[in-house]
Amino acid sequence: PTSAQVSVVPHSGRFCYTLDNDLLSTEQRQFYEDNGYLLIRNLVSDEDIERFRKEFIRICKREVKPPGVMIMKDESLKSQFGQSEKVVNKVQDFQEDEELFRYCTLPEVLKYVECFTGPNIMAMHTMLINKLPDSEQQTFLHPMHQDLHYFPFRPASRIVCAWTAMERADQDNGCLLVQPGTHRTALQPHGYPQWEGKTNKLFHGLLDEDEKIPKVHLVMEKGDTVFFHPLLIHGSGINRTSGFRKSISCHFASSECHYIDVKNTTQEHLEKELQEMVSKKYNATSVELKDIWNFRARLVQGERINL
């Protein structure tokens, strides 16, 4: 099942992963508790999605250059297609682009986010993914991973991702793939997968994936939005179509979350990689992981407390 419209018997005891609210039904809360994700159909309007699409194309064409935005592209296609959406795989950190950042402030999204984070909400990490047509080379396959690997803040239960399909996402064009219930496991070691050929920068994956855990393909229509826990193991498949599979997402966190020191943890090598990237891009001599996240984070509701 990919949605909460499923009859489940609530467990005795309180909910761990959602806060008391007037929006989610007991069945929906229990589904998230058990599975680590909740799919809400037809949440974001076609009008908003078209606005995000137009802004993405403007960024690809360099008609707008939002500060801090990271544009990931397939350089091998640049000579063929130039500056266009046909070479850009991802626009990340769009918190300074007011048009794309509107996604993080949509009331219909935030009312669900609040069920997981509480009223003081920070937008921490933003992405618009444009999954390019691919081949068996798996150029844009994202290995199975846990998003918490990237985040130096806790507690995990007060962090949630909102991921909205900008067109139909299915197995043909590389929809999200999740392992239900894995949000109840610990953060596992991540690294670059041992694949032949190219692996994308920062596309880390589980070093020891348990193939026995069942996977669910999240088939979604345009505007459908899935909310999921940062420890949920997930990834995405190959886009075997000739079109582009777009999605827009934001990781939200309670501003009451706190930063942690990742030294001597499984996240330490990620910190070094990010520091090198940021130092190179901004010619900075000393950058801490906390500084990077302070730059990315924006308050979208309530009060800014720790983050």
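About the thresholds
Residues numbered from 1 in each chain as written. Predicted model: local features only at pLDDT ≥ 70, side-chain atom pairs only at ≥ 80, totals over all residues. Heavy atoms only, no water. Helix = DSSP H or I, 4+ residues; strand = E, 2+ residues; numbered from the N terminus. Buried < 20%, exposed > 50% of the residue type's maximum accessible area, 1.4 Å probe, protein only. Contact = heavy atoms within 4.5 Å. Areas by Shrake-Rupley, 256 points an atom, 1.4 Å probe, with all protein chains shown as cover. Pairing = 2+ DSSP bridges. Axes fitted to C-alpha atoms, helices over the stretch in contact; angles between N-to-C directions.

Novice: Just to check I follow, could you spell out the overall build of the protein chain for this structure?
Specialist: When its secondary structure is counted, the protein chain shows seven helices and 16 strands. Going through the 307 residues of the protein chain one by one, you find that 57% of them count as buried. Within the protein chain, contacts between residues separated by at least 24 positions form 82% of all contacts whose residues are at least 6 apart in sequence. Working note: accessible area of the protein chain is about 13,800 Å², and carbon and sulfur atoms make up 49% of it.

Novice: Help me understand the sheet that holds strand E13 (residues 234-236) in this model?
Specialist: A sheet is described by the order of its strands in space; here four strands give the open sequence E5-E13-E8-E11, paired in antiparallel fashion. Two strands bound the open sheet, and with one partner strand each, they are strand E5 (142-145) and strand E11 (216-218). Neighbour-to-neighbour, the strand axes of the sheet open up by a mean angle of 25°, direction not taken into account.

Novice: Just checking my understanding: could you explain the side chain of Thr225 for this structure?
Specialist: Tracing the backbone through its elements, the reader meets Thr225 in strand E12 (residues 225-228). If sequence neighbours within four positions are ignored, Thr225 has contacts with Leu38, Leu39, Ile40, Leu43, Val44, Tyr103, Ala162, Trp163, Thr164 and Met220.

Novice: Can you help me understand the pairing of strand E1 (residues 37-40) in this one?
Specialist: In summary, the side chains of a regular strand alternate between the two faces of the sheet. Residues Tyr37 and Leu39 line one face of E1 and the alternating positions Leu38 and Ile40 line the opposite face, and both faces are buried. Of the pairings in the sheet, the one linking E1 to E12 comprises four bridges and is antiparallel in character. Within the sheet, the bridge partner assigned to Leu39 lies in E12 and is Val226.

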